[in-house]
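As a plain string of letters, each chain reads:
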Amino acid sequence: MASGGDATGIEVALRRRFGVRRVMGWLALGFGVPLCFLGPALLATIFWMAMLFGTRYWTPWWWWFGGLSVLAIPSLFRLEIRSRGKFLDETLADAAVHDSDVMGRLTSVTMLYGAGWGLLGGLGLNPGLTTAGFVEFFLAGPRIVLASLKTIRESRSGAAIDWGRAADVVTFLLARQDGVEPRALLKAGERMGELSAVLLWLAGQGWLGVVATGDRVFLFSAARRGLSKQRD
């Protein structure tokens, strides 16, 4: 990588990371979509077996799977969007209000990912938390799909970004050890709205951070280290 003032080299780094994120977004989408059907498949198997061995009445497994997919998958997506990826955290927080022993119950919940007996024990101890553990597991597919779609949407915005201007911003921040006010990045005749679009895109790509007060921007340490390694 060239020196911190070499905006051309930094533009190459920006484009490279942009390309990697776009590819990873599509790969994640390809993985997440089939994973969305894991919950319906498991529940369909349970209900199908219960019907078969409980009533000796055979029904096509696909009936259960199709019906549960139609009902469960949209509900899981709505739940993931509403909870913003924090469904289990919210459930445990609610449980903590009513139960001081929630950490012991959390152990039972997490055991369902690796031990069947732990699942049964957790279910007997607190069915609500154990069910929440199941739901959190089923939310993995929708969570991956939503995250990948967000990455893909952000990658489309790259076509409208002034790569040279973005590289100038990163170059300037790379030469500074602390954050700066956004207005300090303005060029002569440039409007804040134009710069804000570049800053928001860089932040979405994981290059920039903004302090809590919103009056200073800075280059993430990981991005700074990555650029320094390439420069060396």
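Residues numbered from 1 in each chain as written. Predicted model: local features only at pLDDT ≥ 70, side-chain atom pairs only at ≥ 80, totals over all residues. Heavy atoms only, no water.

## Considerations on the overall build of the protein
The helix and strand tally for the protein stands at 11 helices and 2 strands. Traced from its N-terminal end to its C-terminal end, the protein shows the element sequence α-α-α-α-α-α-α-α-α-α-β-β-α. Taken across its 232 residues, the protein has 37% of its residues classed as buried. Across the protein, every contact between residues at least 6 apart in sequence was considered, and the portion connecting residues at least 24 apart equals 65%. (Helix = DSSP H or I, 4+ residues; strand = E, 2+ residues; numbered from the N terminus. Buried < 20%, exposed > 50% of the residue type's maximum accessible area, 1.4 Å probe, protein only. Contact = heavy atoms within 4.5 Å.)

## A short note on unusual backbone geometry
One non-glycine residue, Arg56, lies in the positive phi region at around 60 degrees. Here Arg56 lies in the loop between α2 (38-55) and α3 (61-83).

## A short note on helix α1 (residues 7-35)
Taking 1.5 Å as the rise per residue, α1 with 29 residues should run 42 Å; its terminal C-alpha atoms sit 41 Å apart, in good agreement. Taken together, the buried positions of α1 are Gly9, Ile10, Ala13, Leu14, Phe18, Gly19, Gly25, Leu29 and Gly32. (Expected span 1.5 Å × (residues − 1).)

## A look at the pattern of salt bridges
Taken as a whole and assessed by the stated rule, the structure comprises 5 salt bridges. Between Arg15 and Glu11 there is a salt bridge, with its nearest N and O atoms 3.2 Å apart. Pair noted here: Arg15 and Glu11 are both in helix α1, with a separation of 4 residues, about one helical turn. Residue classification places Glu11 among the partly exposed positions, given a relative accessible area of 22%. The residue Glu80 makes a salt bridge to Arg143 at a minimum N-O spacing of 2.9 Å. Here Glu80 is found in helix α3, whereas its partner Arg143 is found in helix α8 (residues 140-157), with 63 residues between them in sequence. Take Glu80: its relative accessible area is 6%, and that puts it in the buried class. Of the residues examined, Arg143 reaches a relative accessible area of 25% and is grouped as partly exposed. (Salt bridge = Lys/Arg side-chain N within 4 Å of Asp/Glu carboxyl O.)

## Details of the nonpolar core
Counting residues in hydrophobic clusters, the biggest one holds 25 residues, and the most contacted among them are Leu14, Val169, Leu202, Trp207 and Leu219. Every element with two or more residues in this core is listed here: α1, α9 (163-174), α10 (192-204), β2 (217-219) and α11 (221-231). Counting residues per element, this core draws most heavily on α9, which supplies 7 residues. If we skip the residues at most four places from it in the chain, Trp207 touches Ala13, Leu14, Arg17, Val170, Leu202, Phe218, Leu219, Phe220, Ala223 and Leu227. (Core = buried A, V, L, I, M, F, W, Y, C linked by side-chain atoms within 4.5 Å.)

## Structural notes on the packing of aromatic side chains
Scanning the entire structure with this criterion turns up 10 aromatic pairs. Ring centres 5.2 Å apart and planes at 75 degrees place the aromatic pair Phe18 and Trp163 in the edge-to-face group. Note that Phe18 is positioned in helix α1 and Trp163 in helix α9, a separation of 145 residues in sequence. Like Phe18, the residue Trp163 is buried in the burial classification. (Phe/Tyr/Trp six-rings, centres within 6.5 Å; stacked < 30°, edge-to-face > 60°.)

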